[in-house]
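Observations on the three-dimensional arrangement
Here is what each chain is made of, one letter per residue.
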Amino acid sequence: MGQFVQLMAADGVQIPAWVAQPEGPVRGALVVAQEIFGVNAHIRAVTDRLAARGFVAIAPALFARLEPDVDLGYDAEGMARGKALKAAAEALPGEGVLQDVRAAAQWVRQSSGERVGMLGFCWGGLLTWRAAQQLDELSAAVCYYGGGMTVAPDMARMPRIPVMAHFGTLDAHISVDSVQAFSHAHPSVQVHLYEADHGFNCDQRGSYDDISAVQAKDRTLAFFDQYLRRSL
């Protein structure tokens, strides 16, 4: 079970983050980027499960600059609030919330002495794609159904680290055509398509698909083992 810690971003803003530590040997360090629902029970559970599999994992509260303690459900009210908060976060000046991702990556690298990867879901998947280009602290990145990364302007980004991306063929928010165009534009990115909907990894959503989630998890863990296995 993890706990919240306080991070300090480069501009002096304090950002809470959920941190979970492994009990046994460490496989690497990971930053977990939330959906639009905050560091809610699902994201905390994902972070805890990664720690149980040997990763020092940290999930920064990426809405903290806008509103404290955001913890939303997957109902219509949560969706509406999450979309509004995402829009406000996207409108932040400068690096916006990426400076909070950087603070999390620096914290987990310093505390663990391990190489750092990042994975994110939905909006967090898009942030992970951006971070793969902009953050020197990262060594590998995995994006789950990152809305916006398969279309302009974000599709044009060039990652500086290895990237894996998971998408669902039934996702109404991310077309298969755009995923195929993304894959063609970025042949070095490992792109996987599943017969599943948006949010297929979240067992608190109706779109959860166990078979796809397990397959994506296995691929993700193997990917991080490949690129995070050596200590700094």
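Heads up: the structure comes first, above all this text.
Considerations on the overall build of the protein chain
Tallying secondary structure elements over the protein chain gives 6 helices and 8 strands in all. N-terminal to C-terminal, the α/β element order of the protein chain is β-β-β-α-β-α-α-β-α-β-β-α-β-α. Taking 2.2 N^0.38 as the reference for a compact globule, 232 residues should give roughly 17 Å; the C-alpha atoms of the protein chain span a radius of gyration of 16 Å, in line with that estimate. Across its three principal directions, the C-alpha atoms of the protein chain cover 40 × 40 × 35 Å.

Description of the sheet that holds strand β2 (residues 14-20)
Taking strand neighbours across the sheet as the criterion, the 8 strands line up as β1-β2-β4-β3-β5-β6-β7-β8 in an open arrangement whose pairing is mixed. Strands at the two margins of the open sheet, each flanked by one partner only, are β1 (3-8) and β8 (190-194). Ignoring strand direction, the axes of neighbouring strands in this sheet form an average angle of 25 degrees. Bridging between β1 and β2 involves 6 bridges; their strand directions are antiparallel. The residue of β2 that forms the bridge with M8 is Q14. Sheet contacts for helix α3 (residues 98-112): β1, β2, β3 (28-33), β4 (55-60), β5 (116-121) and β6 (138-144); angle to β4, the most-contacted strand, approximately 155 degrees.

Digging into helix α6 (residues 210-228)
The terminal C-alpha atoms of α6 lie 26 Å apart, and with 19 residues this matches the ideal 27 Å at 1.5 Å per residue to within 8%. Taken residue by residue, α6 has S212, A213, A216, T220, L221, F223, F224 and L228 as its buried positions. Seen from one end, α6 has its buried residues packed into an arc of 165 degrees, which puts them on one side.

Focus on the packing of aromatic side chains
In total, this model carries 13 aromatic pairs according to the counting rule given. Both rings, one in Y144 and one in Y145, keep their centres 5.9 Å apart while their planes meet at 80 degrees; by these two values the pair is edge-to-face. Since its relative accessible area comes to 3%, Y144 is described here as buried. When the ring of F167 is compared with that of F182, the centres are 6.3 Å apart and the planes differ by 70 degrees; the resulting orientation is edge-to-face. Of this pair, F167 sits in strand β7 (residues 163-168) while F182 sits in helix α5 (residues 176-185), and the two are 15 residues apart along the sequence. Of the two residues, F167 and F182, both sit in the buried class. Taking NZ or CZ as reference, R44 lies 5.8 Å from the ring centre of W18, over its face.

Remarks on the pairing of β6
Among the 7 residues that make up β6, 6 are buried, leaving the element largely enclosed by the rest of the structure. As judged from the 6 bridges shared by β5 and β6, these two strands associate in the parallel manner. Looking at the pairing, G120 lines up with C143 of β6. Taking the sense of rotation as the criterion, the β-α-β connection linking β5, helix α4 (residues 123-134) and β6 turns out right-handed. Where β6 meets β7, 4 bridges bridge the pair, whose relative direction is parallel. In the strand pairing of β7, Y144 is matched with H166.

Rules and cut-offs
Residues numbered from 1 in each chain as written. Predicted model: local features only at pLDDT ≥ 70, side-chain atom pairs only at ≥ 80, totals over all residues. Heavy atoms only, no water. Helix = DSSP H or I, 4+ residues; strand = E, 2+ residues; numbered from the N terminus. Rg over C-alpha atoms; globule rule 2.2 N^0.38 Å. Pairing = 2+ DSSP bridges. Axes fitted to C-alpha atoms, helices over the stretch in contact; angles between N-to-C directions. Contact = heavy atoms within 4.5 Å. Expected span 1.5 Å × (residues − 1). Buried < 20%, exposed > 50% of the residue type's maximum accessible area, 1.4 Å probe, protein only. Arc of directions from axis to C-beta. Phe/Tyr/Trp six-rings, centres within 6.5 Å; stacked < 30°, edge-to-face > 60°. Lys NZ or Arg CZ within 6 Å of the ring centre and 35° of its normal. Right-handed = clockwise from strand over helix to strand, strands pointing away.

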